[in-house]
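# Structure at a glance
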Protein chains: 2
Amino acid sequence: MKYVAGVDLGGTNTKIGIVDTEGHIVESTSIKTDSMRGIEDTFTRIWRSIEDLAKKNSVRVEGIGMGIPGPVVDQSVVTFFANFPWEAGTDCSQLMERISGIPTKLDNDVNVIALGEARFGAGRGYRSSVTIALGTGVGGGIYVDGKLISGMTGAGGEIGHMKLVKDGKLCGCGQRGCFEAYTSATGIIREATSRLLVNKTNALYERIGGDLSVLEAKDIFDAAREGDEFSLDIVEYEAEYLAMGIGNILNIINPKAIILGGGVALAGDILLKPLREKLKKYAMGATLDGLEILQAELGNEGGVVGASALVL
Amino acid sequence: MKYVAGVDLGGTNTKIGIVDTEGHIVESTSIKTDSMRGIEDTFTRIWRSIEDLAKKNSVRVEGIGMGIPGPVVDQSVVTFFANFPWEAGTDCSQLMERISGIPTKLDNDVNVIALGEARFGAGRGYRSSVTIALGTGVGGGIYVDGKLISGMTGAGGEIGHMKLVKDGKLCGCGQRGCFEAYTSATGIIREATSRLLVNKTNALYERIGGDLSVLEAKDIFDAAREGDEFSLDIVEYEAEYLAMGIGNILNIINPKAIILGGGVALAGDILLKPLREKLKKYAMGATLDGLEILQAELGNEGGVVGASALVL
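Counting of residues starts from 1 at the beginning of each chain's written sequence and follows it residue by residue. A letter from A marks each chain and a number from 1 marks each ligand, given out in the order of writing. Whole-chain, interface and lining totals are the exception, using all residues; otherwise, since this is a predicted model, local features are given only for residues with pLDDT of at least 70 and side-chain atom pairs are given and counted only at 80 or more. Water and hydrogen atoms were dropped before computing side-chain values, which therefore reflect all heavy atoms in the structure.

Per an unreviewed UniProt entry, the recorded name for chain A is Glucokinase, and the organism is Propionigenium maris DSM 9537. According to UniProt, the comment filed for chain A under the heading Sequence similarities (unreviewed entry) is "Belongs to the ROK (NagC/XylR) family." UniProt positions are given in the numbering used here, feature names are shortened, and annotations may be inferred rather than shown by experiment.

See below:
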């Protein structure tokens, strides 16, 4: 059995795990990222944690894989750091290799989760899959024949900013009509809030005690599941744009599997059933033959396991 | 120097060429496809033409590449034949290898053109490119790190059926709001025709002598180039949806180059200038840094050269 380290670098905490060739975490730990102390300091502390875990489990680490929030080119250079005061264009693989003496690769955090799902999660055994993380935003990762499509400047798989409506809803990115603006958890909350401002005679309004500020995507799906027509209509809206966006991805990539992760995917059948039905309106028939629509399996471990897959 | 054969299988005629390792056609010929005589008959005649060309030029053919109108899986099996009365699911590589005794690969005709442009045409030297054929319909081919993304069922790169408008214009495929319905030559003719039915005081109407049935995309671009405001407005419309569709491809694939082919691409700067400007509204900034937007270079030779690239 071969062992590598998987690192999930976050704005506040960094998860670190020793992973075996089958994608199982032997042991993992978490440290403060403390990015203000500089990249060299953070990377050195990450390496020390890896060494400790390896020693404790009597294994030799043969590679380090890292997921990072930001665009990564050639699995080494970070074009810019979204959440850290670190220098843009840093060759992070080279830096970690210098510190650790061990081959290192890194990629964007959502791409890494997609790689993990493709190799060890819901997509294992399939030659191609697209993983879509439906959370506060919408991220994606495209896996084809063993590799991620990371793109020329690391923006490959940025499906959340595919435009579905010309001059449509304003997105957090500053552009309009993005997939994310309609289908993220924030997107469905925006739509529900807008409707609740003019309709208060529904079970959703009661559920949140009339306090729009506490509304979560889960409330909408829960109320819909209990038969609230107002909420069912919002879920229908979500499913429609989800089908349009996924349909586009199917027509462009034609993958074997679509893997849905993030909070919105937890809605389950109340969302997936209308989604499957509506896909027929947006995707070419050939892309639906044998297509699997799956929920992500790795959950919180996705970042560490996926990062390890970069070097397994 | 190594030599291979490139075959561009069409509904009526089939082009066949001997191509060298640098993508140059040594000699080419054309035969009637005569698909009614059966696939074995057509393939045997293709092989005889290859043998003749090879003998005449005193070269040994080491591989056969074929482009075919229809979805191809694993560069061998044609899921169904769009224009031929041949059996769906035929393993065409195997059949040609049995007839010729020479390794054969095939792929969809638009994918093959994209491969040709990527290796030997406008995209040579770039690691990734997406070729978009803007003709009667809109086809596409995606090239990343030396390979085409052909998809699970051969529908990879079917960008023409990406939806840009929910419940939008009816497309030839039977669905609505497709990229193709807005940006193909047919798309721009539809839009112009619709407008000409209510506005006849413009240079475009004069140019076609009031006969809507003779209107071609070229007329619109020519009239626009001469300053006709009515036509300029239609070009603006074309550029807008082209930018939206290409922007989506950039956000998903993040290629180094977009290569435009087909009749609409011949419009040149009158279309490409507003397209470049409008892309900023639809594509993430990172996907535009260093992006090349190019016109296809291989023209009529694209099919033969591209097919040969499958085995070069």
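Resuming the write-up.
### Quick word on the relation of the copies chain B and chain A
Rotating chain B by 180 degrees and moving it 0.0 Å along the rotation axis overlays it on chain A with an RMSD of 0.0 Å. The two molecules are tied by a two-fold rotation axis, judged by turn and shift. Least-squares superposition aligns the copies on the C-alpha atoms of those residues with pLDDT at or above 70 in both.

### So, the interface of chain B and chain A
Here, two residues are considered to be in contact whenever any of their heavy atoms come within 4.5 Å of each other. Tallying the contact residues gives 44 residues for chain B and 44 residues for chain A. Here the buried area means the combined drop in accessible surface, using a 1.4 Å probe, for two parts upon being joined, counting both sides. Of the roughly 3500 Å² buried where chain B meets chain A, counting both sides, 58% is carbon and sulfur surface. Area buried by chain B at its contact with chain A is led by M152(B), K166(B) and I252(B), which between them contribute 21% of it. Just to be clear on terms, a salt bridge is a Lys or Arg side-chain nitrogen sitting within 4 Å of an Asp or Glu carboxyl oxygen. Joining chain B to chain A, the criterion identifies six salt bridges. A salt bridge links R127(B) to D74(A), with the nearest nitrogen and oxygen atoms 2.8 Å apart. We call two N or O atoms a polar contact when they sit within 3.5 Å, provided that within protein one can donate a hydrogen and the other can accept it, with sequence-adjacent residues counted only if both atoms are side-chain atoms. The interface formed by chain B and chain A contains 28 residue pairs in polar contact (both at pLDDT 80 or more). Helix and strand assignments come from DSSP, with helices taken as H or I runs of at least 4 residues and strands as E runs of at least 2, each series counted from the N terminus. Elements supplying a minimum of two residues to the side of chain B that touches chain A: α8 (229-253), α9 (269-282) and α10 (285-288) of chain B. Per element, the largest residue contribution to the side of chain B that touches chain A is seven residues, and it comes from α8(B). Residues of the side of chain B that touches chain A, tallied by class, amount to 18 nonpolar, 13 polar and 13 charged. Polar here means any residue other than Ala, Val, Leu, Ile, Met, Phe, Trp, Tyr, Cys and Pro, which are nonpolar, and Asp, Glu, Lys and Arg, which are charged; Gly is therefore polar.

### Digging into unusual backbone geometry
A positive phi is found at D145(A), a non-glycine position, where the angle reads about 50 degrees. Examined against the element boundaries, D145(A) turns out to sit in the loop between β10 (138-144) and β11 (147-148). In this structure, D167(B) is a non-glycine residue whose phi angle is positive, near 55 degrees. Position of D167(B) among the secondary structure elements: in the loop between β11 (147-148) and α4 (179-183). Accessibility here uses a 1.4 Å probe with only protein chains present; expressed as a share of the type maximum, an area under 20% marks a residue as buried, one over 50% as exposed, and anything in between as partly exposed. For D167(B), a relative accessible area of 43% translates into the label partly exposed.

### Some words on the sheet that holds strand β6 (residues 77-78) of chain A
Residues and elements named next belong to chain A. Strand pairing is assigned whenever DSSP identifies at least 2 bridges connecting the two strands. The strand order β5-β6-β7 describes an open sheet built from three strands, whose pairing is antiparallel. Strand pairing shows two members of the sheet lacking a second neighbour, β5 (72-73) and β7 (90-91), which therefore form its edges. Across two bridges, β5 lies against β6 in antiparallel orientation. Within β6, the residue paired with V72 across the bridge is V78.

### Focus on the sheet that holds strand β4 (residues 61-68) of chain B
Residue and element names in this part refer to chain B. Judged by pairing direction, the sheet is mixed, and its five strands sit side by side in the order β3-β2-β1-β4-β8 without closing on themselves. The open sheet has two free edges, formed respectively by β3 (25-32) and β8 (104-108), since each of these has just one partner strand. Ignoring strand direction, the axes of neighbouring strands in this sheet form an average angle of 20 degrees. Taken together, the five bridges between β4 and β8 define a ladder with parallel strand orientation. Pairing of I68 across the sheet is with N108, part of β8. Between N-to-C directions, angles cover 0 to 180 degrees, with each direction set by a line fitted to C-alpha atoms, over the stretch in contact for helices. Contacting β4 and β8, helix α3 (residues 109-120) crosses the sheet at an angle of about 105 degrees to β8.

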